[in-house]
Amino acid sequence: MTSLENIKRRAENNAKKHGYFLNPDPDFLQNLIVGLKENEDRYGFASCPCRLGSGNFEWDRDIICPCDYRDPDVEEFGQCFCALYVSKDVVEGKRPMQPIPERRPQEKVDRAIGKAPEKTVKSEAVSETSDTNRKLFYCKVCGYVTFREEPPHKCPICQAKQEMFGEIVLGTDIQVR
Ligand code: SF4
């Protein structure tokens, strides 16, 4: 099992790498780190500590910390949804921390909490094994390739924006678009 120290170090390293900071309130920060550890122990992956996950890796892939929504949220609001990652302005007190809107699409939230119509849940559960909802996307800047429902908000390798992702269509001839 990953220790709290390791999870915190991982978050610190990630923040440093991307020019962010961790929440400056030690108690608040510790609670989030504990939440990440609980999720990692429970599910095998560290899903977001302030969102309800399904425990299904494919369904929760977008909210594995740091989630797909962190970068646009820090850019727009100076903090991620949980306020684990914050901007320099927030740390320096030039920007207040406050609740921010949920950027995660509602259908994914509903699916995680079992609110989606049974038919949808069933068909998605089938697609989990048949991969029908997932596509191959590639980053036009660095070539990173990912297989998922939609391209990430930012490339995890070179930080290129979502618009820079193209789809790879597999057929007799592989096409990129
Ligand atoms: S909102 Fe923050 S804490 Fe939650 S998964 Fe995203 S980056 Fe991690």
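Residues numbered from 1 in each chain as written. Predicted model: local features only at pLDDT ≥ 70, side-chain atom pairs only at ≥ 80, totals over all residues.

Colleague: Please give an account of the environment of Glu-5 that cites residues and values.
Modeller: Among the structural elements, Glu-5 can be located in helix α1 (residues 4–18). Owing to 9 C-beta atoms within 10 Å, Glu-5 belongs among the exposed residues under this scheme. Taking the C-alpha atoms as reference points, Glu-5 and Val-34, separated by 29 residues in sequence, lie 10.0 Å from one another. (Helix = DSSP H or I, 4+ residues; strand = E, 2+ residues; numbered from the N terminus. Buried ≥ 20, exposed ≤ 12 C-beta atoms within 10 Å, placed from the backbone.)

Colleague: Tell me about the packing of α1 against helix α2 (residues 26–43), and please be specific about residues and values.
Modeller: Between α1 and α2, whose axes approach to 9 Å, the crossing angle comes to 110 degrees. Comparing their axes, α2 and α1 come out roughly perpendicular. α2 is crossed by α1, and the crossing has right-handed handedness. Along its contact with α1, which presents Leu-4, Ile-7 and Lys-8, the element α2 presents Ile-33, Val-34, Leu-36 and Lys-37. (Axes fitted to C-alpha atoms, helices over the stretch in contact; angles between N-to-C directions. Parallel < 35°, antiparallel > 145°, perpendicular 65-115°, else oblique. Left-handed = near helix turned anticlockwise from the far one by under 90°. Contact = placed C-beta atoms within 7 Å.)

Colleague: Could you give me a rundown of the site of the ligand, with the residues and numbers involved?
Modeller: The environment of the ligand is made up of 14 residues, and the closest members are Cys-48, Cys-65, Cys-67, Cys-80 and Cys-82. A per-class count over the shell around the ligand returns 13 nonpolar, no polar and one charged. (Near = placed C-beta within 6 Å. Nonpolar A, V, L, I, M, F, W, Y, C, P; charged D, E, K, R; others polar.)

Colleague: Break down the pairing of strand β4 (residues 145–148) for me, with residues and values.
Modeller: Side-chain positions along a regular strand alternate between the two faces of the sheet. Bridge count between strand β3 (residues 135–139) and β4: four bridges; the pairing is antiparallel. The residue of β4 that forms the bridge with Tyr-138 is Val-145. Hairpin connection, β3 to β4: the antiparallel pair is bridged by five residues, and Gly-143 has positive phi, about 90 degrees. (Pairing = 2+ DSSP bridges.)

Colleague: Could you give me a rundown of the nonpolar core, with the residues and numbers involved?
Modeller: Residues Leu-36, Cys-80, Cys-82, Leu-84 and Tyr-85 are the most contacted members of the largest nonpolar core, which totals 22 residues. At the level of elements, α1, α2 and β2 (85–86) are the ones that each hand at least two residues to this core. Sorting elements by how many residues they give to this core places α2 first, with three residues. Those residues in contact with Leu-36 that lie beyond four places of it in its chain are Ile-7, Ala-46, Pro-49 and Cys-65. (Core = buried A, V, L, I, M, F, W, Y, C linked by C-beta atoms within 7 Å.)

Colleague: Tell me about the environment of Val-86, residues and numbers included.
Modeller: When you line up the elements, Val-86 lands in strand β2. The class of Val-86 is buried, set by 22 C-beta atoms lying within 10 Å. Residues Val-86 and Glu-75, spaced eleven residues apart in sequence, show a C-alpha to C-alpha distance of 9.4 Å. Other than its neighbours up to four places away in sequence, Val-86 contacts Tyr-20, Phe-21, Asn-23, Gly-78, Gln-79, Val-91 and Met-97.

Colleague: Account for helix α4 (residues 70–77), naming residues and giving values.
Modeller: It helps to recall that an α-helix has 3.6 residues per turn; residues three or four apart then point in one direction. The complete set of buried residues in α4 reads Arg-70, Asp-71, Asp-73, Val-74 and Phe-77. All buried residues of α4 project into a common sector of 165 degrees when viewed along the axis, lining one side. Summarising the geometry of α4, the exposed residues directed more than 90 degrees from the buried face are Glu-75 and Glu-76. Buried-residue contacts for α4 involve β2. After α4 finishes, the residue Gly-78 shows a positive phi value of roughly 80 degrees. (Arc of directions from axis to C-beta.)

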